[in-house]
Amino acid sequence: MLGLLLLLAAPTAEARPEATQLFCETYADAPACINDVTTCTQCHDTSGPPNFNPYGADLSGALDRGQAFEAALPAALADVEGLDSDGDGASNLEEILVGSWPGWSEDLEPECSAQTETTNPDYRLGGYDAAFAWRRVMQDFCGRSPRYEERQAFAGEADPEAAVSELLDACLKSPYWKEILDEIGVSVVQPVGPDSDANLLGNWRWDLRLFAYATSGGRDAGDLLQADYLVVEEPSYSGILLPIDEPRSDNEAYAQPLPPEHRYGLITTRYSLAMRVMFSPVPRNLTSHYYRELLGYDISRSEGLYPIDEAGIYDWDAPLDVDDVGAWQEGCASCHTTLDPLSYPWSRYEGIDLEGSNTGAWLEDRATELLPTTEGYLFGEPVDGPAEWVELAVHSDAFAATVTEVFFRYLMRRGPYTCEAEEFEALWSGLRDNGRDVEAMLHALVFTDAYGQP
Amino acid sequence: MRALLPVPLLTLPLLLAGCGKELPDPPEPLGSETTTDDQDDTTPPDTTDTPPADDTGTATEPGEPVTSTRADLRLKRWRQLSLDLEGALSLTADQICLEAGVYDCVDLNVVPLGGVSVANGVFEHPNTLQATSGLAIERLALQACYNRLVLDLEGDPVVYTEVDLAAGSATDAEAEAQITGLSRRILARDPLPEEIAALSGLRADVADEGGDNADWVTLVCFALATSTEALTY
């Protein structure tokens, strides 16, 4: 009902994707602006625009409608800083600066409140509980609960935290965890269709195997975007993953037709190219998919917008509209000024070739009439070709944070609470600075309070 | 999903009617060796007056265990549920649960049990309970407990070892030993006195429905395997 009332009270409401960036220009140091743009839900309901949350409604009411939106927003932001839009006792500015949400009173997060009493015979409340973490590690990484005898033995451990670490080491090698890596890979790859090497549209098993390989065994998760090798399971169904440089049979060559110098991890598998490039000269779906899944930016939610004004002839930032889809129009340009330059470097990769044998191939002259070069932009920085694109991507904070969050969300069933933001940043910065070793990150994760505090 | 302590077990209705096991007729009275006073003692404790802890994790009465402010327990997903039942009841994966005697319940109910399904285009792990999650979990647990019973009736008992499964009665010591054994297998701990009382009390309900020890141990297994403590971590 509240949402309905807000909707009725705001007949002029409209989505303003540029607002997420304008907000962060005003509050550059706010935790919500760590990636230079905030999300739509800063002002809108969780269902997205046009419904406002209480903060967005106050902000909308404060806007000077006689001015352009971009010019009016900073003043409106300042006008509502002293209000407490969500009624939780903290002003909007206070909430923005500490990283909670001015439009969401539930974001007070009772889970983050102090544990004032700790009397509990079964759990160590208010702090890291090694026994609790040990049981969770066995569940999360070995897939089962400890047996009665194992719990008795753990109770006598002289160094419980060492036992947690040893258990994690053992479980990371378990068949269970290998299967879970496949499941986590499904959320990133998003497979559709049969898993057959004879499939015209590719066999997504190659993608899942690469995901599991690159995120295990102490390897560099950057291979998710940079691997020039292929991954096979030998023997079949053994769970043992092996990298190979070249296909070893005609079937494998059909399934992965690219030579090593044109392979870039998950982006350029046959499945990825066939399903996401399809027939488009500008492979927007290809890049937006991995921009979302591995760099954390969902352009459809106005995340990760770094507009490049290529046209320079309109009153708004606009792309060149190289394939004549009308992307220059104001309503489209807000996303396409990021999305199109993001995609140009990948234009030489063929999607589906129904009349020949070039599905998933790299073709030197593909789309050259529209895009003479493979120059483009990622994070607002110029890149020329796929190699520069992935190099910038895998060394970014966005990649480290997103890979960490993929595993955090799988294990915790939620994102980090605001009181866990510091621990979470330490996790992903550790991943970034230590060779992007996911297993090392998981070792750190199980010793966080987020994981081990009951 | 906020409480960390084991929740009091509920006395369960008889649910074995759909499992194809014929109940003996006429039934032997259960608990015939239990005194009236003992039966009174087995009444499940009334917890309705237990004062709740507040949101700051503060106990409202001295000595009452407090709850965690965090308390973000997670429901076990499909493979975890299956592996736990396999370990607890010494069963293989294909002995846990089959739909219509043919299809693996875990595979068929993978999404309600928190998994992904490529075939159905479900790429994200559902992290909330779904309408059929409870049904799927109960089906898994009940079939596993029952399948263990069948195996124990056919050969040397492995799990239901402390009572005569064909009999309609058991001593208090036998019942307690059976409850303890199942608690250690399913919850990896010894039962609390009130849990022993509650599960012993279940025998009276089983007897009222004409059941025997075989029915009772199956329902004890089911009650433990579907408790909050067994399903979350």
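A few points on the structure.

Reading the values: rules and limits
- Residues numbered from 1 in each chain as written.
- Chains lettered and ligands numbered in written order.
- Predicted model: local features only at pLDDT ≥ 70, side-chain atom pairs only at ≥ 80, totals over all residues.
- Heavy atoms only, no water.
- Contact = heavy atoms within 4.5 Å.
- Buried area = accessible area lost by both parts, 1.4 Å probe.
- Salt bridge = Lys/Arg side-chain N within 4 Å of Asp/Glu carboxyl O.
- Polar contact = N/O pair within 3.5 Å; in protein donor to acceptor, adjacent residues only side chain to side chain.
- Helix = DSSP H or I, 4+ residues; strand = E, 2+ residues; numbered from the N terminus.
- Nonpolar A, V, L, I, M, F, W, Y, C, P; charged D, E, K, R; others polar.
- Core = buried A, V, L, I, M, F, W, Y, C linked by side-chain atoms within 4.5 Å.
- Buried < 20%, exposed > 50% of the residue type's maximum accessible area, 1.4 Å probe, protein only.
- Axes fitted to C-alpha atoms, helices over the stretch in contact; angles between N-to-C directions.
- Parallel < 35°, antiparallel > 145°, perpendicular 65-115°, else oblique.
- Left-handed = near helix turned anticlockwise from the far one by under 90°.

## Focus on the interface of chain A and chain B
- Counting residues at the interface gives 49 residues for chain A and 40 residues for chain B.
- Carbon and sulfur atoms supply 48% of the area buried between chain A and chain B, which totals about 3900 Å² over both sides.
- When the area that chain A buries against chain B is broken down by residue, the three leading residues are Tyr148, Glu183 and Arg413 of chain A, summing to 20%.
- For Asp140 of chain A, the salt bridge goes to Arg74 of chain B, with nearest N and O atoms at 3.2 Å.
- Between the two partners, chain A and chain B, sit 26 residue pairs in polar contact (both at pLDDT 80 or more).
- The set of elements that each furnish at least two residues to the side of chain A that touches chain B consists of helix H6 (130-142), helix H7 (148-155), helix H9 (175-189), helix H17 (397-412) and helix H20 (449-452) of chain A.
- Residue composition of the side of chain A that touches chain B, by class: 22 nonpolar, 12 polar and 15 charged.

## Points about the nonpolar core
- Counting 86 residues, the largest nonpolar core has Phe141, Trp177, Trp389, Phe407 and Leu442 of chain A as its most contacted members.
- Per-element accounting of this core gives the leading share, 10 residues, to H17 of chain A.
- Setting aside residues up to four positions removed in sequence, Leu442 of chain A forms contacts with Phe141, Leu168, Leu172, Trp177, Phe407 and Leu411 of chain A.
- One finds Ile137, Tyr146, Ile179 and Val217 of chain B within the second-largest nonpolar core, a separate group that totals 48 residues.

## Things to note about the packing of helix H2 (residues 78-89) of chain B against helix H4 (residues 133-154) of chain B
All names here are of chain B.
- Interhelical geometry of H2 versus H4 gives an angle of 20° and a closest axis separation of 11 Å. By the criterion of interaxial angle, the relationship of H2 to H4 is roughly parallel. The chirality of how H2 crosses H4 is right-handed. Only Ile137, Leu140, Ala141, Ala144, Cys145 and Arg148 of H4 make contact with H2, whose side of the interface consists of Leu81, Leu85 and Leu89.
- The class makeup of the residues in the contact of H2 with H4 is 8 nonpolar, no polar and 1 charged.

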